[in-house]
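Observations on the model geometry
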Amino acid sequence: MATSSRCRTLGITATHNFEVTNFLLLDGMGIGKYVSSSTFSVGGCDWKLNFYPESEEKEEKESEAFASVWLCLVEGPAGTRVKFHINLFEKDFEVSRETGKRRRKEREETMLETDTKKFPRAGAMWGFPKFVKKSVLRELTRVSNDCFTIRCTLCVIKVHTEDADAVEVPQANLQQDLGNMLKDGEGADVTFKVDDQLFHAHRNLLAARSAVFKEKLLGAITEQDSNCIPIADMDPVFEGLLNFIYTDSLPDDWEEDKTVAMQHLLVVAHRYELYRLRALCEAKLYSWIDVQTVASTLALAEQQQCVRLKDACLRFIGCPHILAAIMQTEEFKNLLASFPSVTKEILEKVVSANSL
């Protein structure tokens, strides 16, 4: 009897976008200080990006300062091998680390690829100590509303030996199939009218995912005889709600302001008792807090009793030199008018931060 085996080398690739807002408030925070992305998972490992507004390294014979970016292995097996690219983007342009010139994103992207790197242990980092000149970064943020995005494309390399005669099981595709069912509308048996738009869906699936939909569509007092069920006050995000119900994930993009859309979706998630969707929205809003959005996000957190999101907003407002900028926004004035009780909590955070 003959047997065989084979060594398979797999490359598991994913992309993470790390948006940095209000760069001018970070500029000058000091050598060795950094801000981190949220933790993201690729290849069975957890990763994050560390952005240093001021790198320790400078060009020889030059006084030009640099910002640096490092990829950090948060958790994973020792000896994890990866290849990765890190690019800097603003809203409409790509910035080359080699030349510092801005190029329109529609052109073919030039990725900065590392050689294969081995992370010896959790906490180890690889990256670019001279990622971009500070002068280039300041010019970029001047024309892009003081924000930019660091994009990391990461390929985790895994090697394992397997029985060559074993049965290969395809990857699960339930999420994709359900998403296609929503998109195609085949077999839909209920229609919702939201403003002037019609959305076709499947009664049993909605009922299985949401107790509110179950009562509405299958309960004793049901609207099953209605040809079209009207839905009020949900025009911006109803499509996102259906997307989550069918695919268990957030929409990839929004046509309108993403923060406003996510705030609306969080409210809708609470209305339909979709607690995972509520948590996903809360996590996104947590990562998007900046000077322009913190007041409206804090008002939402207070209204919806999102304790962790509220605390994050208060901590952000309490950061030195930030409150003055936030107080100039119309959203902050609306916050104080609608939730005067929050004023005391804001002052406590500011006093606590300034006493450190």
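Scroll up to find the structure this text is about.
Quick summary incoming for the structure in this document. (Residues numbered from 1 in each chain as written. Predicted model: local features only at pLDDT ≥ 70, side-chain atom pairs only at ≥ 80, totals over all residues. Heavy atoms only, no water.)

**Some thoughts on the pairing of strand 12 (residues 190–194)**
Among the 5 residues in strand 12, 4 count as buried, and that is most of the element. Taken together, the 5 bridges between strand 12 and strand 13 (residues 197–201) define a ladder with antiparallel strand orientation. Within the sheet, the bridge partner assigned to Val190 lies in strand 13 and is Ala201. The turn joining strand 12 and strand 13, which pair antiparallel and follow one another in sequence, is formed by 2 residues; a positive phi near 60 degrees is taken by Asp195. By the bridge criterion, 3 bridges tie strand 12 to strand 14 (residues 229–231) in an arrangement that is parallel. The residue of strand 14 that forms the bridge with Lys193 is Pro230. (Buried < 20%, exposed > 50% of the residue type's maximum accessible area, 1.4 Å probe, protein only. Helix = DSSP H or I, 4+ residues; strand = E, 2+ residues; numbered from the N terminus. Pairing = 2+ DSSP bridges.)

**Side note on the pattern of salt bridges**
Scanning the model with the defined rule gives 6 salt bridges in all. For Lys258, the salt bridge identified is with Glu19, shortest N-O distance 2.6 Å. Taken as a pair, Lys258 in helix 7 (residues 258–271) and Glu19 in strand 1 (residues 5–21) lie far apart in primary sequence, 239 residues in all. Residue Lys258 is classed as partly exposed on the basis of its relative accessible area of 32%. Here Asp248 makes a salt bridge to Arg276, at a shortest N to O gap of 3.1 Å. In this pair, Asp248 sits in the loop between helix 6 (238–247) and helix 7 while Arg276 sits in helix 8 (residues 275–287), placing the two residues 28 residues apart along the sequence. Judged by its relative accessible area of 29%, Asp248 is partly exposed. Residues joined in a network through salt bridges with shared partners are Arg209, Asp248 and Arg276. (Salt bridge = Lys/Arg side-chain N within 4 Å of Asp/Glu carboxyl O.)

**Focus on the sheet that holds strand 12**
Within the open sheet, the 3 strands sit side by side as 13-12-14. Their pairing is mixed. Two strands lie at the open edges of the sheet, namely strand 13 and strand 14, each paired on one side alone. Neighbour-to-neighbour, the strand axes of this sheet turn through a mean angle of 30 degrees, independent of strand direction. Here helix 6 sits on the sheet in contact with strand 12, strand 13 and strand 14, set at roughly 10 degrees to strand 13. (Axes fitted to C-alpha atoms, helices over the stretch in contact; angles between N-to-C directions. Contact = heavy atoms within 4.5 Å.)

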